Amino acid sequence: MGNHISPVADRATLVAAPRLWIEGAAIQQLAKTVQLPGMVRAVGMPDLHPGRGYPIGASFFTKGRFYPALVGSDIGCGVSVWTTSLPAAKYKLDKLDRLVGNIDGPIRDDELRRMADAFPEVEGRMREVELALANAGLDTGFMRAIANLGSGNHFLELQKLEQASSAGDEAAQVLNAKLLNLVVHSGSRGLGASILREHVERFGHHGLEESTPEALDYIRRHTAAVAFAELNRWLIAVRVLVRLGVQGALRLDVNHNTVTRERFDGIDGWVHRKGATPMAGDLVLIPGSRDHLSFLVRPIAAAAPASLGSLAHGAGRKWMRSDCKARLGRSMSSRDVAKGALGSRIICNDKDLVYEEAGAAYKPIDTVIDSLVGAGLVEVVASFRPVLTYKTRGECC
C-alpha cells in the first residue's frame, strides 16, 4: 500500500497518491468529524472535497449511534450501469440527442404505458416503492417526481468501451465493444432532503442512539428512500431505452449515500458513506467528469478493512460551485458547452450548471483511480468513453 493510505488526524486516514491534491478544508472537516461521540474512525477517499459541515467522499464508522447528517440529503444517490443494443460504431449524435428528448419532467401517462409494455415489471415496482414510502410514514406524493435526474452532479450518459485491461466472466457482459452502455447517476430527489430536514429540525446534527424509537424510525425512512432512489435510476434508464427504441439490461447498481450496519475492527457498528462507493459485488463503475473516462474496477475484498469497505464515487470536485463561473467564464465558448473534450455531445442548458459541472471543475479521474490501485483497493478492469451526456434541457417540465 505504500503511502497511498496515510493518517491525517487521530483515527482519520486518507486514500490518496502523493501527487493527488486534496483541499485542506476537506481534510480539516474529516478530522473534525472524527471527534463526534461514538466515532471509531473515518477514511477520506481520493475524491474527498469539502461539503456543508462534513466532507464529501468519505466513510465514517461509529459504534452505538449513527448520524443522519453524515448520510446527507440525497439518501441512496448512486450509479447504475445498463448494457444496451445500441451499436457503438453506427450511432449518430443528432439522432440520439433528438430521441432522448427532454427527461426533466414527470412521466406522462402515455409514456408510462409504453414503458410498461417494454418492461412489464414497471407498475409492480412502482407500487412496491409507493407502499414502502407509506409504511415508513413518508409522503407518497414524491412518486410524482420519480424518473427524473434532478440537479447538481447527476447525469445520464451513453458510453462506449475505450480499453479493457482485464476480463473475467463477471465482466464479459459489460465489456462489449460493439454496443453502448447506459449509465445513470441520480438519487432520492426531494424525498431524501425532506427526511434530513425533518431530522435536523427535531435533533439538530446530533446522532441517534441505536435501537431507540427515533433511530428505528430513521432507518425505516432511510430504507424506503434507498428503494426510491434505486427505482428512480431504474425508471430513468427504462424511460430512455424506450425512447431510443432499444433493449437494455441492468448490470450494476450501487448507492453512494447510506448508513448501514457493518462490522470492522471487531466492532459491530454503522458505516456512513457520504459520496463513497461500497466495495460490494464483483465490479464497480467509478465515473469521471463529462470530459474524462469512466473506470470499471474490481474491488479487492481483502483490503476492505483499510478503507471501511469503501471506494471513491467519482472524480471529486476541484472547485466550489460558486467559483466555477468566475474561473471559466472567459475561457468557455458555446462550443465547449455542447461538446466534451473527448468528442461527446453534452446536453446541459442550465447556464449555471454548465460552469459548475465543467470537466475542469473536477479532479482528473485517473489520479483518483491511481490512488485506489496504489492503495491495493482495486484493480482496473476497463475504461469507458462518454458518447452523450445528459444533464438538463433547462426547460420547465
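So, here's what we can say about the structure. Residue positions are given per chain, counting from 1 as you read along its sequence in written order. In view of the model being predicted, local features appear only for residues whose pLDDT reaches at least 70, and side-chain atom pairs are presented and counted only at 80 or more, with totals across whole chains, interfaces and linings using the full set of residues. To obtain the side-chain values, all non-hydrogen atoms of the structure were used and water was disregarded.

1. Quick notes on the packing of aromatic side chains
Two descriptors summarise a pair of aromatic rings, namely the distance from one centre to the other and the angle between the planes of the rings. Two aromatic rings, drawn from Phe, Tyr or Trp (for Trp, its six-membered ring), form a pair once their centres lie within 6.5 Å of each other, and the interplanar angle then sorts them: stacked below 30 degrees, edge-to-face above 60, tilted otherwise. Inspection of every chain in the model, using the stated rule, returns 6 aromatic pairs. Residues Phe61 and Phe264 carry aromatic rings whose centres are separated by 5.8 Å and whose planes lie at 85° to one another, so their mutual orientation is edge-to-face. With Phe61 in strand E4 (residues 56-62) and Phe264 in strand E11 (residues 257-264), this pair connects stretches of sequence that are 203 residues apart. No difference in accessibility class separates Phe61 from Phe264, as the two residues are buried. For the ring pair Phe66 and Trp270, a centre distance of 4.8 Å and an interplane angle of 55° mean the geometry is tilted. Secondary structure follows DSSP: runs of H or I at least 4 residues long count as helices, runs of E at least 2 residues long count as strands, and numbering of each begins at the N terminus. Burial status follows relative accessibility: with a 1.4 Å probe on protein chains alone, a residue under 20% of its type maximum counts as buried, one over 50% as exposed, and anything between as partly exposed.

2. A few points about the pattern of salt bridges
Salt bridge, as applied in this entry: a Lys or Arg side-chain nitrogen positioned within 4 Å of an Asp or Glu carboxyl oxygen. Following the criterion strictly, the structure yields 20 salt bridges and no others. A salt bridge links Arg239 to Glu111; the nearest nitrogen and oxygen atoms lie 3.3 Å apart. Of the two residues, Arg239 is situated in helix H7 (residues 213-244) and Glu111 in helix H4 (residues 109-118); the sequence distance between them amounts to 128 residues. The same class applies to Arg239 as to Glu111, namely buried. Connected through salt bridges with shared partners, the residues Asp94, Asp97, Arg345 and Arg393 form a single ionic network.

3. Here we look at unusual backbone geometry
Within the chain, Arg11 stands out as a residue other than glycine whose phi angle is a positive 70°. Position of Arg11 relative to the elements: it lies in the loop between strand E1 (5-9) and strand E2 (12-15). For Arg11, a relative accessible area of 36% gives the class partly exposed.

4. Re H4
Three or more residues of H4 are buried, namely Glu111, Met115 and Ala116. Each buried residue of H4 lies within a common arc of 140° when the element is viewed along its axis, so the set occupies one face. Among the exposed residues of H4, those pointing more than 90 degrees away from its buried face are Asp109, Arg113 and Asp117. Any two residues whose heavy atoms approach within 4.5 Å are treated as being in contact. Check the buried side of H4 and you find it contacts helix H5 (122-135) and H7. Of all possible arcs, the one meant is that of the directions from the helix axis to the C-beta atoms.

5. Topic: helix H11 (residues 365-374)
Spacing of three or four residues puts side chains on the same side of an α-helix, whose turn is 3.6 residues. Taken together, the buried positions of H11 are occupied by Ile365, Thr367, Val368, Ile369, Ser371 and Leu372. Buried positions along H11 lie against E2, strand E3 (39-49), strand E14 (284-286), strand E15 (294-299), strand E16 (310-312) and strand E18 (378-392). Of the residues one or two after H11, Gly376 is the one with positive phi, at around 75°.

6. Focus on the packing of H4 against H5
Comment: axis = line fitted to C-alpha atoms, over the contacting stretch for helices; angle = value between 0 and 180 degrees taken between N-to-C directions. Put simply, H4 and H5 touch, their axes get as near as 8 Å, and they point 110° apart. By the criterion of interaxial angle, the relationship of H4 to H5 is roughly perpendicular. Of H5, the residues touching H4 (which contributes Leu112, Met115 and Ala116) are Val122, Glu123 and Met126. By residue class, the composition of the contact of H4 with H5 is 5 nonpolar, no polar and 1 charged. An angle counts as roughly parallel when it lies under 35 degrees, as roughly antiparallel when it exceeds 145, as roughly perpendicular when it falls between 65 and 115, and as oblique in every other case. Each residue receives one of three labels: charged for Asp, Glu, Lys and Arg, nonpolar for Ala, Val, Leu, Ile, Met, Phe, Trp, Tyr, Cys and Pro, and polar for the others, Gly being one of them.

7. Remarks on the pairing of strand E17 (residues 345-348)
Along E17, one buried face is formed by Arg345 and Ile347 and the opposite face, lined by Ile346 and Cys348, is buried too. By definition, two strands form a pair when at least two bridges between them are found by DSSP. Pairing analysis gives 4 bridges linking E17 to E18, with the strands arranged parallel. Note on E18: the bridge partner recorded for Ile347 is Tyr390.

8. Considerations on the nonpolar core
Across soluble globular proteins, nonpolar side chains show a tendency to be buried alongside one another. Here, nonpolar core refers to any group of buried Ala, Val, Leu, Ile, Met, Phe, Trp, Tyr and Cys residues whose side-chain atoms link them within 4.5 Å. In terms of nonpolar packing, the biggest core is built from 53 residues, with Val122, Leu156, Leu158 and Leu235 touching the most fellow members. The dominant element in this core, judged by the number of residues it contributes, is H7, at 15 residues. Excluding its chain neighbours within four sequence positions, the residues that come into contact with Leu156 are Ile103, Leu149, Leu182, Val183, Val184, Ile236, Val240, Leu388, Thr389 and Tyr390. Counting 31 residues, the second largest nonpolar core, distinct from the first, contains Ile5, Met45, Val368 and Val378.

9. Details of the pairing of E3
The buried fraction of E3 amounts to 11 of the 11 residues, a majority that puts the element mostly inside the structure. By the criterion used throughout, a crossover qualifies as right-handed when its path from the first strand across the helix to the second strand runs clockwise, the strands pointing away from the viewer. In this fold, E2 hands off to helix H1 (residues 24-33), which returns the chain to E3; that crossover is left-handed. As paired elements, E3 and E4 share 6 bridges and run antiparallel to each other. Across the sheet, residue Val43 finds its bridge partner in E4, namely Ser59. Where E3 folds back on E4, the antiparallel hairpin that results is connected by 6 residues, among which Gly53 adopts a positive phi of roughly 95°.

10. Thoughts on the environment of Leu175
Relative to the elements of secondary structure, Leu175 occurs in the loop between strand E7 (155-164) and strand E8 (179-186). You can call Leu175 buried: its relative accessible area is 15%. Taking the C-alpha atoms as reference, Leu175 lies 29 Å from Ser188; in sequence the two are 13 residues apart. Those residues in contact with Leu175 that sit more than four places away from it in its chain are Leu161, Ala164, Ser166, Leu296, Val381, Ala382 and Phe384.

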